Structures are given as structure tokens and as C-alpha cells.
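Examination of the molecular architecture
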Amino acid sequence: MARVFGVSISRSAVLRLLDGLPEPEVPAPRVVGVDEYATGKGRVYGTVLVDVETRRPVDLLPDRGLSNGHVIPHG
């Protein structure tokens, strides 16, 4: 895109600029789905938390289940 505007900038500089941007404010999900995922050809498993309404991932947990200190409140 920089080339379209005639700007000379390296990829690492673009990534550094993007990394410096503030994280957008995201409202807390009202409904959360919990599922497992596998990496390493099914030998390593984790848990994914998904905002059911927006279908966007909320968090990736490094293991199966919620025993690592994550709490899902009930409304």
C-alpha cells in the first residue's frame, strides 16, 4: 500500500508502527463458547473461548479445560 502512495518504507518499520497502535476497546462478550483445538498433528490440545454473537475468538488457552485459573462467570 505504501508503494501506491509513493512512500518508501520497510516491512519491519510498518510492523513496528502497527505494533505501536493502541488495542481497540472491545466490549466483554455476553455469550461465550468453549471448544478444543489441536496442534502438532493432534498431539497438543488447547481450549478456545469464542464470543458466540460475533463469532470471534476471545482467548486461546494452552491446555484443555479451564483449570489454569480462567473463570467464566454466569449471568
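Refer to the structure printed above.
Residues numbered from 1 in each chain as written. Predicted model: local features only at pLDDT ≥ 70, side-chain atom pairs only at ≥ 80, totals over all residues. Heavy atoms only, no water.

Some points on unusual backbone geometry
A negative phi holds for most residues other than glycine; trans holds for most peptide bonds. As a reminder of what qualifies: The way it works is that DSSP assigns letters per residue, a run of H or I at least four long becomes a helix, a run of E at least two long becomes a strand, and they are numbered from the N terminus. Working definition: with a 1.4 Å probe on protein chains only, accessible area under 20% of the residue-type maximum means buried, over 50% means exposed, and in between means partly exposed.
A positive phi angle, near 60 degrees, is found at Arg55, a position not held by glycine. Its place among the elements puts Arg55 in the loop between β2 (44-51) and β3 (56-61). On the accessibility criterion, Arg55 (73% relative accessible area) is exposed.

Notes on the sheet that holds strand β1 (residues 32-39)
For the record, the criterion: DSSP-based pairing: two strands are paired if at least 2 bridges between them are found. Axis angles are defined between N-to-C directions and span 0 to 180 degrees, where every axis is a line fitted to C-alpha atoms and, for a helix, only to the segment in contact.
The strand order across the open sheet formed by three strands is β1-β2-β3, and the pairing between neighbours is antiparallel. Among the strands making up the open sheet, the edge pair consists of β1 and β3. Here the strands of the sheet are splayed against their neighbours by 30 degrees on average, with no regard to which way each runs. Across eight bridges, β1 lies against β2 in antiparallel orientation. Its bridge partner lying in β2, Val32 is registered against Asp51.

Some words on the pattern of salt bridges
Applied cut-off: Salt bridges are identified by distance alone: a Lys or Arg side-chain nitrogen within 4 Å of an Asp or Glu carboxyl oxygen.
By the definition in use, this model includes one salt bridge. For Glu53, the salt bridge is made with Arg30, and the minimal N-O distance between the two is 2.5 Å. One end of the pair, Glu53, is in the loop between β2 and β3; the other, Arg30, is in the loop between α1 (11-19) and β1, with 23 residues separating them in the sequence. In this structure Arg30 comes out as exposed when scored by relative accessible area, which is 70%.

Regarding the environment of Asp35
Going by this rule: We call two residues in contact when some of their heavy atoms are within 4.5 Å.
For Asp35, the position within the fold is in strand β1. Distance in space between the C-alpha atoms of Asp35 and Val48 is 5.4 Å, their sequence separation being 13 residues. What Asp35 contacts, discounting residues up to four positions off in sequence, is Gly46, Thr47 and Val48.

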